[in-house]
Amino acid sequence: MKYLLLLLISYVSFAQQNNFPRAKADSIISRIQPPVFSAYQVNVLKLGAKGDSITNNKAVFDKAMALCKKKGGGTIIVPKGIYKINGPIHFVSNVNLKIEKGAKIKFSDNPQDYPLVLTSWEGTMLYNYSPLIYAVDCTNIAITGVGIIDGEGGKIWKSFKAKEGAGKNLSREMNHNNVPVSDRKFGEGYFLRPQMIQFLNCKNILVENVRIENSPFWCLHLLKSQNITVRGISYKSLNYNNDGIDPEYAKDVLIENVTFDNGDDNVAIKAGRDHEGRANTASPSENIVIRNCNFKGLHGVVIGSEMSAGVQNVFVENCKTAGYLKRGIYLKTNADRGGYIKNVFVQNLQLDEVEDCLYITANYHGEGEGYQSDISNIHFSNITCNRASESGIVIQGFSDKKIRSISLNNIDIKEAKNALSNENAENVIMTDVFIGKRATVPTAVSKH
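In this text, all values refer to a predicted model and were calculated from it rather than measured experimentally.

A.B. asks: Before we move on, can you summarise the domain arrangement of the protein chain with the specific residues and values?
C.D. replies: Domain assignment breaks the protein chain into domain 1 (39-242) and domain 2 (271-438). Spacing between the C-alpha centres of domain 1 and domain 2 amounts to 30 Å. Facing nine residues of domain 1, the contacting portion of domain 2 comprises six residues. It is Gly123, Asn175 and His176 that lose the most area in domain 1 upon contact with domain 2, and together they represent 55% of the buried surface on that side.

Here's what the structure looks like:
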């Protein structure tokens, strides 16, 4: 009798978690506060900038940052015009870079314009070309306005993709062999493209309403940073590996009202790769809310595959597709990663045509051994999809490391080539799940 009572309590507890935990999501949102800036303003035109798309304005933008630093912070105004910048913008604390309507910042695509800085490349910390907009160890920073940031990523940077193999493999060997980060020097000859925007070890960040175009690599990389608001931004960035937003080792993140149109994952939540991510000093990505977004690109929301420090407490709600996606929600890891993915809640998701609707795999690319990840407590509710050209729902664990505690409630996939593949998972609860045509009452036996 005691065993039955414990079993009942366990089942009720799990069933209660099937509902979207509104209070938990709201508590994260309430503590994420956008930065506030002083009244000081500096207009780049008054400092001598020329918005003629030709003149190099690098020195003017550097001067604007220096003036703000001297004044203890402020807002850099970028008025209407096209501002060529041959090199990166490096932030200081307490600064809002405001790109006004009709303004475009257009970066050079000459790799020699970008010095080596501490950064990360696909989950491994190293020194590489500076991101085009870069902040390290900053507090209270923002990129706002309705102007455009153009990364000029479609020519020289795009050509790096075919040449990056040796550099990429070397970075991963250094990761696995615990080579000191100070000795991981890349840049010229290694062909690892820089991110468009990266915040490293920063706090109190706002990115609002700007448009991101033509990034060399990942578009917005939130690395080891916290208390972040990203809202109202839009994309037209279709080069290789143009992830929209990559929170990595990030904490307390709100992503809302974003219109995606990018050449890779829309939101890809990461937490380091392999040995480096599993280190005791690594922190998980956690407390991330994604809501009211329009997805278009490769995948909608992805967790992994670089997630070795763990990802937890992710809330996705009220999102829909504005065009084709390969996969709607995609959780991916493999036996090289270790770490965990847990406490993921997705509700009110409208998908049109995808290859796979919901996909959870612990065997991404079939790679690795020795470090199987723990995937548990994943909940999907109120999800519709018009067509899955391959699979409706896929869950792939290992026989000796099963995916656990998955709930699917009110899922309606109107058409799918393969309905459901559920392998090496336990405690999977499905309620009101329809894939293909809904069954009606059984037909009667025909009379002869």
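Let's pick the thread back up.
A.B. asks: Before we move on, could you go through the UniProt feature "domain: Rhamnogalacturonase A/B/Epimerase-like pectate lyase" (unreviewed entry) in the protein chain and cite the residues and values that matter?
C.D. replies: This chain's UniProt record puts "domain: Rhamnogalacturonase A/B/Epimerase-like pectate lyase" (unreviewed entry) on residues 42-97. Secondary structure across residues 42-97 divides into 23% helix and 39% strand, with the first and last C-alpha atoms of the span separated by 10 Å.

A.B. asks: Account for the packing of aromatic side chains, with residues named and values stated.
C.D. replies: All told, the structure shown has 15 aromatic pairs when counted by the stated rule. Each ring, one from Trp121 and one from Phe217, has its centre 4.8 Å from the other, and the planes form 5°; the classification is stacked. One end of the pair, Trp121, is in strand 8 (residues 116-121); the other, Phe217, is in the loop between strand 15 (211-213) and strand 16 (220-223), and 96 residues separate them in sequence. For Trp121, a relative accessible area of 1% puts it in the buried group. Here the aromatic rings of Phe186 and Tyr190 are separated by 4.9 Å at their centres, their planes lie at 65°, and the arrangement is edge-to-face. Note on Phe186: relative accessible area 4%, which makes it buried. On the basis of relative accessibility, which here comes to 29%, the residue Tyr190 falls in the partly exposed class. Cluster of aromatic residues (ring-pair linked, three or more members): Tyr114, Tyr129, Trp157, Phe160 and Phe191.

So, how was this worked out
- Residues numbered from 1 in each chain as written.
- Predicted model: local features only at pLDDT ≥ 70, side-chain atom pairs only at ≥ 80, totals over all residues.
- Heavy atoms only, no water.
- Domains from an automatic or database assignment.
- Contact = heavy atoms within 4.5 Å.
- Buried area = accessible area lost by both parts, 1.4 Å probe.
- UniProt positions renumbered as here; feature names shortened; annotations may be inferred.
- Helix = DSSP H or I, 4+ residues; strand = E, 2+ residues; numbered from the N terminus.
- Phe/Tyr/Trp six-rings, centres within 6.5 Å; stacked < 30°, edge-to-face > 60°.
- Buried < 20%, exposed > 50% of the residue type's maximum accessible area, 1.4 Å probe, protein only.

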